[in-house]
Amino acid sequence: MITTSLCMIVKNEEKVLERCLNSAKDIVDEIIIVDTGSTDKTKEIANKFTSKVYDFKWIDDFAAARNYSFSKATKDFILWLDADDVILDEDKQKFIDLKNSLNSSIDIVMMKYNVGFDENGNVNFSYYRERLIKREKNYKWESPIHEVIVPSGNLYYSNICITHKKEETKYSKRNLEIFEKLLSKNIELDARQLYYYSRELMYNSQYEKAISYFNIFLNNKNAWIENKINACIDLSNCYKEIGNNEMAISSLFRSFEYDTPRAEICTNIGIYFMEKENYELAIYWFKQATRIKPNLQSGAFVQIDYYKYIPYLNICVCYNRLGKDKIACKYNEKAGKFKPNSIAYKNNKEYFKKIKIC
């Protein structure tokens with residue numbers, strides 16, 4: 001059996017830290033908490049679970065803080081979590097099974113990160129992250145913001161999920177401010193940082209500036225294809241926000257320059273034409289989305305509802321507006337197979353029942 005160190009960096013996480021540690025304490029062999037300047041009861045809570053609580057002076061660099069936490073680990077593998085993450089019971093058992101069976105040749109275990117949920121708590125947005133790291137390989141975190149360990153070596157994609165349970169809804173300007181400090185020092189952003197800087201601008205409603213930087217990013221030859229495709233979606237949304245619908249749709253089609261279509265792109269194109277009341281064309285693009293299979297191991301941000309549920313539901317709406325309710329009902333039932341408890345599906349079903357279509 002392998003041994004594991006849980007390494008975390010925290011600051012003012014008194015609302016969520018205990019929940020996180022309770023979910024992980026029984027499946028790891030040591031807990032290391034690195035505090036970057038808490039002024040609440042975060043350290044007091046951490047001390048309930050471990051004596052290995054360390055201070056790290058914050059230097060606007062998440063990678064540096066994480067590398068420091070990793071330097072304190074003593075076990076075979078290092079698991080990292082954020083304070084607002086949890087490991088659900090079903091995933092705890094999978095984790096224990098993994099510890100008992102993991103091949104010694106594995107360097108990094110990739111785990112799915114569930115970060116988005118629908119109204120019924122079903123996962124609709126997830127992606128794989130490098131989550132369990134072999135300590136002796138001495139991997140290093142890179143990038144001061146949206147830090148990453150670039151996956152290399154012998155990777156294993158597990159069925160274990162880490163669940164993100166964010167408490168705060170207000171978006172912080174912290175990351176944007178760190179990027180601005182880097183730029184003020186004339187530090188050149190690499191391709192990955194350009195992408196995330198553009199997103200931070202978008203999240204903070206600086207749409208014109210975000211558009212400019214997304215375009216700079218998309219012209220970068222070193223940029224990762226999956227980030228480019230997601231950037232096209234983000235760029236489209238920015239153009240929508242400033243009322244430029246022509247560039248919004250153009251940005252979606254731009255993604256085809258980089259790789260084969262993704263369902264997220266096709267669904268968004270369908271929504272564009274549906275809003276234009278061009279229902280036949282919208283149906284075409286929604287149907288294209290349903291024919292694409294998600295690549296869950298690509299590392300991309302996968303919004304799984306865009307591959308079946310959302311396009312089927314929108315096809316239903318389009319056929320209804322075309323006066324073809326029998327076909328519309330059929331597609332509502334297709335959507336219902338993926339989300340039988342969906343409010344939209346149930347409302348549509350009730351509507352069709354009232355008009356005695358199906």
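Every chain is numbered on its own, with residues counted from 1 as its sequence reads. Where totals are concerned, whole chains, interfaces and linings use all residues; where local detail is concerned, this predicted model gives features only for residues with pLDDT of at least 70, and gives and counts side-chain atom pairs only at 80 or more. The basis for every side-chain value is the complete set of heavy atoms in the structure, and neither hydrogens nor water enter the calculation.

Asks: Before we go on, may I ask you to explain the pattern of salt bridges in this structure?
Replies: Salt bridges are identified by distance alone: a Lys or Arg side-chain nitrogen within 4 Å of an Asp or Glu carboxyl oxygen. Applying the stated criterion to the full structure yields 19 salt bridges. Close ionic contact of arginine 262 with aspartate 259 constitutes a salt bridge, the shortest N to O distance being 2.9 Å. Under the scheme applied here, a residue whose accessible area is under 20% of the maximum for its type counts as buried, over 50% as exposed, and between as partly exposed, the area being computed with a 1.4 Å probe on protein chains only. For aspartate 259, a relative accessible area of 32% puts it in the partly exposed group. A salt bridge links lysine 349 to glutamate 333, with the shortest nitrogen-to-oxygen separation between them at 3.1 Å. Linking lysine 349 in helix α14 (residues 343-354) with glutamate 333 in helix α13 (residues 325-338), this pair joins segments that are 16 residues apart in sequence. By relative accessible area, lysine 349 is classed as partly exposed at 39%. On the basis of relative accessible area, glutamate 333 is assigned to the partly exposed category, the value being 27%. One salt-bridge network, held together by shared partners, links Arg66, Asp82 and Glu147. Working definition: helices are DSSP H or I runs of at least four residues, strands are E runs of at least two. Numbering for both runs from the N terminus.

Asks: What exactly am I supposed to notice about helix α3 (residues 62-71) here?
Replies: The α-helix winds at 3.6 residues per turn, so residues separated by three or four positions along the chain end up facing the same way. Of all ten residues in α3, seven are buried; the element is thus mostly enclosed. Contacts described as polar in this section are N or O atom pairs within 3.5 Å, which, within protein, must combine one atom able to donate a hydrogen with one able to accept it, while residues neighboring in sequence count only if both atoms come from side chains. With a side-chain oxygen positioned 3.1 Å from the backbone nitrogen of alanine 63, the residue opening α3 is aspartate 61.

Asks: Would you mind going over the nonpolar core with me for this structure?
Replies: Here is a general trend for soluble globular proteins: nonpolar side chains tend to be buried in one another's company. What we call a nonpolar core is a set of buried Ala, Val, Leu, Ile, Met, Phe, Trp, Tyr and Cys residues that are connected through their side-chain atoms within 4.5 Å. Counting residues in hydrophobic clusters, the biggest one holds 80 residues, and the most contacted among them are Leu6, Met8, Leu81 and Leu132. Considering every element that reaches this core, the biggest residue donor is helix α6 (residues 191-203), with seven residues. Residues contacting leucine 132, with those up to four places away along its chain left out, are Ile2, Thr4, Phe77, Ile78, Leu79, Phe95, Leu98, Asp107, Ile108, Val109 and Met111. Membership of the second largest hydrophobic core comes to 34 residues, among which are Ile249, Phe273, Val302 and Tyr306. We call two residues in contact whenever any of their non-hydrogen atoms come within 4.5 Å of each other.

In short, shape yes, function no, at least from these values alone.
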